[in-house]
Each structure stands twice: as C-alpha cells, then as structure tokens.
Amino acid sequence: EVSLAEARLALELEKKKRSRTRRDVVTVQALIDEFDAQVLVGRKDGGKEARRALERFVTPQIGSLKPRDVSQADISDLVVSASAKAPVYAVKVLQLVRLLFSYALSRGYVTASPAVAIEGRFHGVQSHTPRKRYLTGDEIRKFYVALATPSKMSEQVRIGFKLLLLTGVRSG
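Residues numbered from 1 in each chain as written. Predicted model: local features only at pLDDT ≥ 70, side-chain atom pairs only at ≥ 80, totals over all residues. Heavy atoms only, no water.

Novice: Would you mind showing me how to read the overall build of the protein chain here?
Specialist: Scanning the protein chain from terminus to terminus reveals seven helices and zero strands. Sequence-ordered secondary structure for the protein chain, helices as α and strands as β, is α-α-α-α-α-α-α. Sorting the 172 residues of the protein chain into buried and exposed places 28% on the buried side. Contacts spanning at least 24 positions in sequence make up 64% of the contacts within the protein chain whose residues lie at least 6 apart. As displayed, the protein chain has an accessible area near 11900 Å², and 57% of this comes from carbon and sulfur atoms. (Helix = DSSP H or I, 4+ residues; strand = E, 2+ residues; numbered from the N terminus. Buried < 20%, exposed > 50% of the residue type's maximum accessible area, 1.4 Å probe, protein only. Contact = heavy atoms within 4.5 Å. Areas by Shrake-Rupley, 256 points an atom, 1.4 Å probe, with all protein chains shown as cover.)

Quick look at the structure:
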C-alpha cells in the first residue's frame, strides 16, 4: 500500500521529471525566440536591434546547443568572435548574452549562467569612448532657422527639439 503522502511525492517527482525533460530539449535558438517574445518586444525599438545582434553573433555559434550545455568557454569564444568583428558593439552582445542567460536561469532552463563571470575587458571588448562633438554657432543658427520655417512639424515637436538643444540631452 502507498500512503497519500507517498503518492503526492511520487506525483510531484514525475511532474518535475517531465518539466526537466521539456526544458532539456530546448535549444539556445528556441530560447532566443522565447526571450524575444517575452522580453525584447517590450523595448523601445521592439527588440529589433537586440534580435539582430543575437542572430548575428549568438545563433551561429551556440544556437544549436541546449542552454544547459553552453559552457563559459563557449560564451568566451562568442565574445572574442564578436570583439574581432565589432569591438565596441561586443559590449552590447555580452550584455545581451548575460540577460539571455539570466532569463534562462529564471525560467529553469539552466542552473547557473555561463555568462555571469565573463568580463569584456579580458576578451578584447572595447568600451565606448564618447565623442567630443559640439554644435558650432553657425550650426545652431541653421537649426533654429529650420525650426522656424513652415513645415508639417507640430508646435510641440518644435518646442521639444529646442528643449533638447538647450539642455544638451541626447534622444534615442
């Protein structure tokens, strides 16, 4: 005879086993698709730029692997490869991979993130150096003249552009 507690425990273990099996068959590419649908679509650009980076750098190298099979060495190789192609952009790729595996960890696809200990500075990743570019007086005058000329631009947008110029805030 099996007690009610033992039956419940057996049922719970079976559920966990089925859940683990389902998650074991997922590839990194399938994880990226889920991540895109759940996380990236909420971004300002709908996740287009992030999706493009994942497709360009992540999918070719580890897209066919199961998330639990991705090692720290795989992530390291991916970052080195991205850095060789686009040194400054590799920072964004590394951030995306970290976020992807944090998502995988929260969903139970992995037990630890292979990207957590990867530091870009050891893999040829260059940090972004801000440019020291300022508008000249002539450029500011031309900007104000262009805003003053009749166009389909609403008054609120004109005021917004003036505010951006006067405060020095970057949009986008």
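Novice: Which parts of the structure should I look at to understand helix α7 (residues 155-167)?
Specialist: Residues lying three or four places apart along an α-helix face the same way, a consequence of the helix completing one turn every 3.6 residues. Under the 1.5 Å per step criterion, the end-to-end length of α7 is 18 Å for 13 residues, consistent within 8% with the ideal 18 Å. Immediately downstream of α7, the backbone of Gly168 shows phi near 75°, a positive value. (Expected span 1.5 Å × (residues − 1).)

Novice: Quick question: what am I supposed to make of the nonpolar core here?
Specialist: Soluble globular proteins tend to pack their nonpolar side chains together in the buried interior. Ranked by size, the top nonpolar core spans 32 residues in total, and within it Val58, Ile62, Ile75, Val93, Val97 and Phe101 carry the most contacts. For this core, the secondary-structure elements that each account for two or more residues are α2 (28-38), α3 (48-62), α4 (72-85) and α5 (90-107). Counting residues per element, this core draws most heavily on α5, at nine residues. When sequence neighbours within four positions are dropped, the list of residues in contact with Val58 reads Val28, Ile32, Ala53, Gly63, Leu78 and Val97. (Core = buried A, V, L, I, M, F, W, Y, C linked by side-chain atoms within 4.5 Å.)

Novice: Is there a simple way to think about the packing of helix α6 (residues 137-148) against α7 in this case?
Specialist: Each pair of packed helices gets described by two things: the angle between the helix axes and the distance between those axes. Here α6 crosses α7 at 170°, and the two axes come no closer than 10 Å. Judged on the interaxial angle alone, α7 and α6 are roughly antiparallel. Judged by the sense of rotation from one axis to the other, the crossing of α6 with α7 is left-handed. In contact with Ile140, Phe143, Tyr144, Leu147 and Ala148 of α6, α7 contributes Arg158, Phe161, Lys162, Leu165 and Leu166. Taken together, the residues that form the contact of α6 with α7 break down as eight nonpolar, no polar and two charged. (Axes fitted to C-alpha atoms, helices over the stretch in contact; angles between N-to-C directions. Parallel < 35°, antiparallel > 145°, perpendicular 65-115°, else oblique. Left-handed = near helix turned anticlockwise from the far one by under 90°. Nonpolar A, V, L, I, M, F, W, Y, C, P; charged D, E, K, R; others polar.)

Novice: Would you mind showing me how to read the layout of surface pockets here?
Specialist: Where empty space is left becomes clear once a probe the size of a water molecule has been rolled over the atoms. Estimates place the volume of the second largest pocket at around 150 Å³. Together, Arg43, Asp45, Glu49, Ala50, Ala53, Tyr89, Lys92, Gln95, Leu96 and Leu99 line the second largest pocket. When contributions to the lining of the second largest pocket are tallied by element, the ones reaching two or more residues are α3 and α5. Among the elements that make up the lining of the second largest pocket, the one with the highest residue count is α5 (four residues). (1 Å grid on protein atoms, 1.4 Å probe; cavity = no way out; pocket = protein on both sides within 12 Å on 5 of 7 lines; lining within 4 Å. Points joined across faces, edges and corners; volume = space filled by probe spheres on them.)

Novice: Whenever I open this one, a nonpolar patch on the surface confuses me. Can you help?
Specialist: A surface patch of nonpolar side chains, about 360 Å² in accessible area, is lined by Leu135, Ile140, Tyr144 and Leu166. Residue position: Tyr144 is located in helix α6. (Patch = residues over 30% accessible without salt bridge, like charges linked within 9 Å, V, L, I, M, F, W, Y side chains within 5 Å. Salt bridge = Lys/Arg side-chain N within 4 Å of Asp/Glu carboxyl O.)

Novice: Would you mind showing me how to read the pattern of salt bridges here?
Specialist: Pairing is possible between side chains that carry opposite charge, provided their charged atoms lie close to one another. Summed over the entire model, instances satisfying the criterion amount to eight salt bridges. Where Arg107 meets Glu34, a salt bridge forms, and the shortest distance between an N and an O atom there is 3.1 Å. Note that Arg107 is positioned in helix α5 and Glu34 in helix α2, a separation of 73 residues in sequence. Shared partners join several salt bridges into a network, and the residues in it are Asp33, Asp36, Arg51 and Glu55.

Novice: Is there a simple way to think about α4 in this case?
Specialist: Spanning 14 residues, α4 covers 20 Å between terminal C-alpha atoms, matching the ideal 20 Å at 1.5 Å per step. Here α4 has its buried residues at Ile75, Ser76, Leu78, Val79, Ser81, Ala82 and Ser83. The inward-facing, buried residues of α4 abut α3 and α5.

Novice: Can you help me understand the side chain of Arg51 in this one?
Specialist: When you line up the elements, Arg51 lands in helix α3. Here Arg51 falls in the buried class, since its relative accessible area comes to 16%. Here the side chain of Arg51 touches Asp33 through a polar contact of 2.7 Å, side chain to side chain. With near-sequence residues (within four places) excluded, Arg51 lies in contact with Gln29, Ile32, Asp33, Asp36 and Leu40. (Polar contact = N/O pair within 3.5 Å; in protein donor to acceptor, adjacent residues only side chain to side chain.)

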